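One-letter residues, chain by chain:
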Amino acid sequence: MTPTREEAFTILKEYNKNEALIRHALAVEAVMVHFAELFEEDKEKWAIIGLVHDLDYEMYPEEHCKRVEEILTERNWPKDYIRAIVSHGWKICSDVEPIERMEKVLYTIDELTGLIAATALMRPSRSILDTEIKSVKKKWKQKGFAAGVNREVIEEGASMLGLELNTIIEETIKGMQKVAENIGLKGDL
């Protein structure tokens, strides 16, 4: 059984009512699609995995990355989809190491989308559309800013991918820009 985007979104909404979490899921989905395009990978698969990566977070925060495995296994989702989703919590709430490129991208950009979104909201325009790498890097250095974002995970993920941090930030911004309105970051532009 290969899940469709529609099925994935339905399950996401079943387990998540918080609009901020849904916007985060949409942001991660868009960035995963963007990276799939860059790497010439399966965009639909990457999108679905990005969309449901935090499926269990709202209802089961203490069991994050564990409950999602049960939920999706019961629904006969492919094992590689489930493994990729569980691996995004490596060293935080999962012992499944990201091995595949798709898993490494998800591991890296999950935290990064939060930092970029917070940076965009601090801009006068409150928009991702004019957010630049230098703005994100400036906020990166301020440990109190978006303090919940694990910068070490992002750095480790970039290293695992063999990409410069600036490149990861730039491409993540581009992915988020494609869905600016849907993720509440169109701002005044």
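Residue indices begin from 1 for each chain and proceed along its sequence in written order. Where totals are concerned, whole chains, interfaces and linings use all residues; where local detail is concerned, this predicted model gives features only for residues with pLDDT of at least 70, and gives and counts side-chain atom pairs only at 80 or more. Side-chain numbers here rest on the full set of heavy atoms in the structure, without hydrogens or water.

A few words on the overall build of the protein. Runs of E in the DSSP output that reach at least two residues are strands. Runs of H or I that reach at least four are helices, and both are numbered from the N terminus. Within the protein, the secondary structure is distributed over nine helices and zero strands. Put simply, the protein runs from its N terminus to its C terminus through helices and strands in the order α-α-α-α-α-α-α-α-α. Taking 16 Å as the expected radius of gyration for a compact globule of 189 residues, we find that the protein reaches 15 Å, a close match to that expectation. The C-alpha extent of the protein, read off along each of the three principal axes, is 45 × 35 × 30 Å. Only protein chains enter the accessibility calculation, which uses a 1.4 Å probe; a residue is then buried when its area is under 20% of its type maximum, exposed when over 50%, and partly exposed in between. Considering the protein as a whole, with its 189 residues, one finds that 50% of them fall into the buried category. Long-range pairs, those at least 24 residues apart, make up 66% of the contacts in the protein with a sequence separation of at least 6. Computed with the Shrake-Rupley method and a 1.4 Å probe, the accessible areas treat only the protein chains shown as cover for residues. For the protein, the computed accessible surface area is about 9200 Å², with 48% contributed by carbon and sulfur atoms. With 26 positive and 35 negative side-chain charges, the protein shows a separation of 6 Å between the mean positions of the two kinds. The reference for a compact globule is 2.2 Å times residues^0.38; the radius of gyration itself is calculated from the C-alpha atoms. Any two residues having at least one pair of non-hydrogen atoms within 4.5 Å are treated as being in contact. His is not counted here, nor are the chain ends, while Lys and Arg score as positive and Asp and Glu score as negative. By convention, the charge on Lys lies at NZ, on Arg at CZ, on Asp at CG and on Glu at CD.

Here the focus is the nonpolar core. We define the nonpolar core as a collection of buried residues of types Ala, Val, Leu, Ile, Met, Phe, Trp, Tyr and Cys that are connected through side-chain atoms lying within 4.5 Å of one another. Among the nonpolar cores identified, the biggest contains 55 residues, and Trp77 and Met176 are the most heavily contacted of them. For this core, the element with the most residues is helix α2 (residues 19-39), which contributes ten residues. With near-sequence residues (within four places) excluded, Trp77 lies in contact with Met1, Pro3, Ala8, Ile11, Ile48, Val52, Leu72 and Ile82.

As a further point, take the packing of helix α5 (residues 79-87) against helix α6 (residues 101-122). Across the interface, α5 lies against α6 with an axial gap of 8 Å and an inter-helix angle of 30°. Note that α5 runs across α6; the crossing there is right-handed. Only Met102, Glu103, Leu106 and Tyr107 of α6 make contact with α5, whose side of the interface consists of Arg83, Ala84, Ile85 and Ser87. A per-class count over the contact of α5 with α6 returns five nonpolar, one polar and two charged. Axis definition: a line fit to C-alpha positions, over the contact stretch in the case of helices; interaxial angles, taken between N-to-C directions, run 0 to 180 degrees. In this scheme, a crossing is called left-handed if the near helix is turned counterclockwise away from the far one by less than a right angle; it is called right-handed if the turn is clockwise. Amino acids are sorted into nonpolar (Ala, Val, Leu, Ile, Met, Phe, Trp, Tyr, Cys and Pro), charged (Asp, Glu, Lys and Arg) and polar (every other residue, Gly among them).

On to the packing of aromatic side chains. Paired rings are identified among Phe, Tyr and Trp, the last through its six-membered ring, by centres lying within 6.5 Å, and are further divided according to the angle between planes into stacked (under 30 degrees), edge-to-face (over 60) and tilted (the rest). Per the counting criterion, the structure on display carries four aromatic pairs. Each ring, one from Phe35 and one from Phe39, has its centre 6.0 Å from the other, and the planes form 35°; the classification is tilted. Taken together, the positions of Phe35 and Phe39, both in helix α2 and four residues apart, correspond to about one turn of that helix. Between the aromatic rings of Phe39 and Trp46, the centroid separation amounts to 6.4 Å while the plane-to-plane angle is 55°, which identifies the pairing as tilted.

The N-to-C vectors of α2 and helix α9 (residues 165-177) enclose an angle of 115°; their axes lie 8 Å apart at closest approach. The handedness of the crossing between α2 and α9 comes out as right-handed. Along its contact with α2, which presents Ala27, Ala30, Val31, His34, Phe35 and Leu38, the element α9 presents Ile168, Glu171, Thr172, Lys174, Gly175 and Met176.

What follows is about α6. Here the expected length of a helix is defined as 1.5 Å per residue gap, with one fewer gap than residues. Taking 1.5 Å per residue as the helical rise, α6 with its 22 residues ought to reach 32 Å, and the 32 Å between its terminal C-alpha atoms agrees with that figure. Within α6, the axis deviates most sharply at Ile109, by approximately 30°. Bend at a given residue is defined as the angle between two axes, one fitted to the seven residues that end at that position and one fitted to the seven that begin there.

Turning next to the environment of Lys66. Mapped onto the elements of the fold, Lys66 is located in the loop between α3 (43-52) and α4 (67-74). By relative accessible area, Lys66 is classed as partly exposed at 44%. It is 17 Å that separates the C-alpha atoms of Lys66 and Glu14, two residues lying 52 residues apart in sequence.

Here we come to the side chain of Ser94. Among the structural elements, Ser94 can be located in the loop between α5 and α6. Polar contact is defined as a pair of N or O atoms within 3.5 Å, subject to the rule that within protein one atom must be able to donate a hydrogen and the other to accept it, and that residues adjacent in sequence are counted only when both atoms are side-chain atoms. Of the polar contacts made by the side chain of Ser94, one reaches the backbone nitrogen of Val96; its length is 3.0 Å. Contacts of Ser94, omitting those with residues within four sequence positions, involve Cys65, Val86, Ser87 and Gly89.

Turning our eyes to something else, we now look at the environment of Ile92. Checked against the element boundaries, Ile92 lands in the loop between α5 and α6. Between the C-alpha atoms of Ile92 and His64, which are 28 residues apart in sequence, the distance is 9.6 Å.

No statement about biological role is implied by the geometric values presented.
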